[in-house]
Amino acid sequence: GKDVPVAVIDTGLDYTHSTFGGPGTTAAYRSALASTSAPDPTLYDSTKYLGGWDFAGASYNGASGTTAYDPVPRPDANPIDGPGGNHGTHVAGTAVGFGVATDGTTYRDGYDDLPSESVGERFSIGPGSAPEAGIIALKVFGDNGGSTALTGAALEWIAQQVATGTEIDVVNLSLGTDYGAVDDPDGAKLSALMDAGVLPVIAAGNA
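This report concerns the structure included in the present document. These numbers come from a predicted model, not from an experiment.

**What to know about the overall build of the protein**
Moving on, step 1. In terms of helices and strands, the protein carries five helices and seven strands.
Moving on, step 2. Tracing the protein from N to C terminus, the helices and strands come up as β-α-β-α-β-α-β-β-α-β-α-β.
Moving on, step 3. For 207 residues, the compact-globule formula gives about 17 Å, and the C-alpha radius of gyration of the protein, at 17 Å, lands near that figure.
Moving on, step 4. Overall size of the protein, expressed as C-alpha extent along the three principal axes, is 45 × 40 × 35 Å.
Moving on, step 5. Nonlocal contacts in the protein, meaning residues at least 24 apart in sequence, comprise 73% of its contacts between residues at least 6 apart.

**Observations regarding the packing of helix α4 (residues 151-163) against helix α5 (residues 185-195)**
Moving on, step 1. At a minimum axis distance of 10 Å, the contact between α4 and α5 shows a crossing angle of 20 degrees. Relative to α5, the element α4 is oriented roughly parallel. When you trace α4 past α5, the crossing you get is left-handed. Touching Thr-151, Gly-152, Leu-155, Glu-156, Ile-158 and Ala-159 of α4 are Asp-186, Lys-189, Leu-190 and Leu-193, all from α5.

**Quick notes on the pattern of salt bridges**
Moving on, step 1. Evaluation of the coordinates by the stated rule reveals six salt bridges.
Moving on, step 2. When the shortest N-O distance is used, the salt bridge between Arg-108 and Asp-45 registers 3.0 Å. You can see Arg-108 sitting in the loop between β3 (100-101) and α3 (119-122) and its partner Asp-45 sitting in the loop between α1 (26-33) and β2 (49-54), a full 63 residues away along the chain.
Moving on, step 3. For Arg-108, a relative accessible area of 49% puts it in the partly exposed group.
Moving on, step 4. Judged by relative accessible area, Asp-45 falls into the buried class, the value being 11%.
Moving on, step 5. The partner of Arg-74 in a salt bridge is Asp-70, and the shortest N-O contact between them spans 3.1 Å.
Moving on, step 6. For Arg-74, a relative accessible area of 42% corresponds to the partly exposed category.
Moving on, step 7. Overall, the relative accessible area of 15% leaves Asp-70 in the buried class.
Moving on, step 8. Residues participating in the shared-partner salt-bridge network are Asp-54, Lys-139 and Asp-143.

How each quantity is defined
Residues numbered from 1 in each chain as written. Predicted model: local features only at pLDDT ≥ 70, side-chain atom pairs only at ≥ 80, totals over all residues. Heavy atoms only, no water. Helix = DSSP H or I, 4+ residues; strand = E, 2+ residues; numbered from the N terminus. Rg over C-alpha atoms; globule rule 2.2 N^0.38 Å. Contact = heavy atoms within 4.5 Å. Axes fitted to C-alpha atoms, helices over the stretch in contact; angles between N-to-C directions. Parallel < 35°, antiparallel > 145°, perpendicular 65-115°, else oblique. Left-handed = near helix turned anticlockwise from the far one by under 90°. Salt bridge = Lys/Arg side-chain N within 4 Å of Asp/Glu carboxyl O. Buried < 20%, exposed > 50% of the residue type's maximum accessible area, 1.4 Å probe, protein only.

In structure tokens form, the structure reads like this:
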């Protein structure tokens, strides 16, 4: 994955986590969570975290009929994964995480000839599928997860970036719904991204 930028549309990203080269401390995460400004460069590895955007804000939840329903997005420049989310961090780690050694530090010893030990003997968290790729975090859920109607906005953001010369090679959507539709406009947006050279990687969904 070296030099491959991957955009993950999800609940955000804990870019302070060791598997992304961050400090890996509770204090660093709390500092990131408290801000709506662009992330503090001391809290992330700039070779891994390449930028992103929060389309939702902390309290957004598109799940109508629930007490947590808050359909008004409050976007900001900090796509930190909220304490009730974490799905985006998990997905990003599976895709592009460096891995975390058993002593809690970021694994940086290379991937060409890994020994065959189990994860528990060498890693506390194994490397992702493309551990040398970079990540762009696009947060479309509030800090407590729920539902979203902001996926299309994130796809349009990617299209705008690509149109102005920013390289984004892959977009990952590990999202699902009970009632998908063949004429969902997000499908047309994904087709346009494919025509622009962006590879969509899309989960079928748990349902």
